[in-house]
Amino acid sequence: NRISALLGLKNPANFVFFKPNNAEIRFGVAFEHIGFTPDRYDLPEIQLADRPFASAMMLKSFMMAVDTQKASRFISSFSIGVIGPAALGKEVQTGIHRVTGSAIPEGWHNQIQNDVVLNYEAGYEKQLLRYRDLFSLQANVNAKLGTLFTNGSVGFNTSFGILNSPFSSLNERKSFVVYVYAQPLINAVGYDATLQGGAFNTNSPYTIPTSDLERVTGQLNYGLVLQTKTFYLEYSRNTITKEFATGTSANWGGLRAGLVF
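The present account deals with the structure reproduced in this document. Everything quoted here is computed from the prediction, not taken from an experiment. (Residues numbered from 1 in each chain as written. Predicted model: local features only at pLDDT ≥ 70, side-chain atom pairs only at ≥ 80, totals over all residues. Heavy atoms only, no water.)

1. Brief notes about the nonpolar core
What tends to happen in soluble globular proteins is that the nonpolar side chains get buried as a cluster. Our working definition: Put simply, buried Ala, Val, Leu, Ile, Met, Phe, Trp, Tyr and Cys residues joined by side-chain atoms within 4.5 Å make one nonpolar core. Any residue under 20% of the maximum accessible area for its type is buried, any over 50% is exposed, and the rest in between are partly exposed; the area is computed with a 1.4 Å probe on protein chains only. Think of it this way: any DSSP run of H or I at least four residues long counts as a helix, any run of E at least two long counts as a strand, and we number them from the N terminus. Only heavy atoms enter the contact rule, under which two residues are in contact if any of them lie within 4.5 Å.
Formed by Ala54, Ala56, Met58, Ile83, Ile112, Val117, Leu148, Phe149, Tyr191 and Ala193, the largest nonpolar core amounts to ten residues. When residues in this core are grouped by element, the largest group, three residues, is from strand S2 (residues 54-67). Excluding residues within four positions of it along the chain, Ile83 makes contact with Ser55, Ala56, Ile112, Gln113, Asn114, Asp115, Val117, Leu148, Ala193 and Thr194. The next biggest cluster of nonpolar side chains, apart from the first, holds six residues, and it includes Phe17, Met63, Phe74 and Ala122.

What follows is the structure, given as structure tokens:
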């Protein structure tokens, strides 16, 4: 569309992306903020057997190449930002907890310290099964390389509801969709700055030793999506097996909202 074409011309990061032939190319820009805490975030002491406090803030440029004939798509992105106090994880979580009446976090002074985030991500998704606009099943593979996350994953994604095909042309899409989804994954972990600390700054008060990382994890993402022509809303839940030797399985949730142009 017109906005995607404009972003493709004006955003220099888009020129680093691989663009398959015979695909409908779409560009975009997103802002991301992520945060992690140990279970006892209300205590000021370092929780030695748990994960460290960590947050990251990033600007992401992404590209999606959709092959409508083969019902597949290739997605790539480049993120630049910061991990550490400059990402304002303490301020964001404290503000939310004050509004909701939850316990105030007291351990953010122990968080992963400031470092640069430079990350590249590429993924491929292929449709395996579809029944009208009510059910779909896709296989997907994904890889990340950079100073925040270096890992790979493989899995499936299934959706049920009133759907648009992710592999259809923009001109063929419904103006209203609502569906639930589930995505089981197997992850191979190389590097995780939210556990190990930044790639360059080694002054974090507490990190997880590299030798304690679990190199293979299982993960399940699921949630609900509602989208109109101009609005996107997603509520998600996630669960993952333990990520390091002294850890346990973890659960978290999130909310995404956006405007579609």
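We are not done yet, so read on.
2. Some words on the layout of surface pockets
Our working rule: Cavity means a closed set of points on a 1 Å grid over the protein atoms alone, one where a 1.4 Å probe fits but cannot get out, pocket means an open set with protein on both sides within 12 Å along at least 5 of 7 lines, and lining means a residue has an atom within 4 Å of a point. Grid points are joined across faces, edges and corners, and a volume is the space filled by probe spheres set on the points. When residue character is reported, Ala, Val, Leu, Ile, Met, Phe, Trp, Tyr, Cys and Pro are called nonpolar, Asp, Glu, Lys and Arg charged, and the others, Gly included, polar.
Here the second largest pocket is characterised by a volume of approximately 160 Å³. Lining the second largest pocket are Phe18, Pro20, Asn21, Asn22, Ala23, Ala65, Asp67, Lys70, Ser72, Arg73, Phe74 and Tyr124. Of the residues forming the lining of the second largest pocket, the biggest block, three residues, is contributed by strand S3 (residues 72-83). Its residues assigned to classes, the lining of the second largest pocket comprises six nonpolar, three polar and three charged.

3. With respect to unusual backbone geometry
Trans peptide bonds make up the majority, and among non-glycine residues the majority have a negative phi. In this structure, Ala71 is a non-glycine residue whose phi angle is positive, near 50°. Of note, Ala71 is situated in the loop between S2 and S3. In this structure Ala71 comes out as buried when scored by relative accessible area, which is 16%. Even without being glycine, Leu88 reaches a positive phi, approximately 65°. Mapping Leu88 onto the fold places it in the loop between S3 and helix H2 (89-100). The partly exposed category is assigned to Leu88, whose relative accessible area is 40%.

Geometric values such as these leave the question of function open.
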